[in-house]
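Below, each chain spelled out in residue letters.
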Amino acid sequence: MASTLPLLPTSSSLRMVREVGRGAFGVVYECDDIKTKQKRAFKIVDVERARKRFLDPWNEYHILSQIGAHTHPHVIQFYGSVHLPSGDLGLILEYCDCEHMRSFLLKRGHLLELDAKMYMQQLALGLMYLYYQHRIVHRDLKLENLFLCTSKSDDTHPILKI
């Protein structure tokens, strides 16, 4: 992972902490929100790279904006966006303190049937919320896009978020 952190506009209340992941069109960083004292995820969408593959780099932003301030326990919260000096798009998201399902399974090797059932139910609840409340169909379901977050009520089982 890269050692240098990107610069944010001076008006931003975010302070970059570390890189936590990379995808085909961007990089995700753990950040501290100085105003709220909360951890956030900051995803930088590489606009130029997305366009070279004939994809709409603003698609994720439009989908997240459509959900807006609505919250669901199994959907990552969207807090806003930042237009970066580089021309890229920055998305401010809920930070999940565990990991994605792929790395979780690689470490554990398997899931107990009860845990698998619980995570599948949580996934179904999140997908149903997106579709029935916002008419959104998630078109990129994969283990790397299923995030685990510590639950305030149950520290033995992280909750799944999409």
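As the structure is a prediction and not an experimental result, all values here were calculated from the model. (Residues numbered from 1 in each chain as written. Predicted model: local features only at pLDDT ≥ 70, side-chain atom pairs only at ≥ 80, totals over all residues. Heavy atoms only, no water.)

(A) The arrangement of the overall build of the protein in detail. Looking only at helices and strands, the protein has 4 helices and 7 strands in total. Overall, the protein shows an N-to-C arrangement of helices and strands of β-β-β-α-α-β-β-α-α-β-β. Counting only C-alpha atoms and orienting by the principal axes, one finds that the protein spans roughly 45 × 30 × 30 Å. Relative to its full complement of 162 residues, the protein shows a buried share of 40%. Across the protein, the fraction of contacts at a sequence separation of at least 24, relative to all contacts at a separation of at least 6, is 49%. Per element, the accessible surface of the protein, about 10,300 Å² overall, is 55% carbon and sulfur. (Helix = DSSP H or I, 4+ residues; strand = E, 2+ residues; numbered from the N terminus. Buried < 20%, exposed > 50% of the residue type's maximum accessible area, 1.4 Å probe, protein only. Contact = heavy atoms within 4.5 Å. Areas by Shrake-Rupley, 256 points an atom, 1.4 Å probe, with all protein chains shown as cover.)

(B) Highlighting the pattern of salt bridges. Counted under the stated rule, the structure contains 12 salt bridges. Lys39 is the salt-bridge partner of Asp32, the closest N and O atoms lying 3.1 Å from each other. In this structure Asp32 comes out as buried when scored by relative accessible area, which is 19%. Among the ionic pairs, Glu99 bridges to Lys107, the shortest N-O distance being 3.0 Å. It is possible to trace a salt-bridge network through shared partners that takes in Arg15, Arg18, Glu30, Asp32 and Lys39. (Salt bridge = Lys/Arg side-chain N within 4 Å of Asp/Glu carboxyl O.)

(C) Here's a closer look at helix α4 (residues 113-134). Here α4 contains 22 residues, and its C-alpha end-to-end distance of 31 Å stays within 8% of the 32 Å for a straight helix at 1.5 Å per residue. Inspection of α4 places Asp115, Tyr119, Gln122, Leu123, Gly126, Tyr129, Leu130 and His134 among the buried residues, and these make up the whole buried set. Looking straight down α4, one finds that the buried residues subtend no more than 120 degrees of arc, so they occupy a single side. Exposed and facing more than 90 degrees away from the buried side of α4 are Glu113, Leu114, Lys117, Met120 and Tyr132. Next to the buried residues of α4 lie α2 (59-67), α3 (101-108), β6 (147-149) and β7 (159-161). (Expected span 1.5 Å × (residues − 1). Arc of directions from axis to C-beta.)

(D) Inspection of unusual backbone geometry at higher detail. In this structure, Lys37 takes a positive phi of about 65 degrees despite not being glycine. Here Lys37 is to be found in the loop between β2 (26-33) and β3 (38-45). Although it is not a glycine, Arg135 adopts a positive phi angle of roughly 55 degrees. By the secondary structure assignment, Arg135 is in the loop between α4 and β6. Look at Arg135 and you get exposed, because its relative accessible area is 56%.

(E) Inspection of the confidence of the model for the protein at higher detail. Chain-level statistics for the protein give a pLDDT mean of 87 and a share of 91% at 70 or above. Per-element mean pLDDT across the protein ranges from 84 in helix α1 (residues 47-52) up to 96 in α4. (pLDDT = per-residue confidence, 0-100.)

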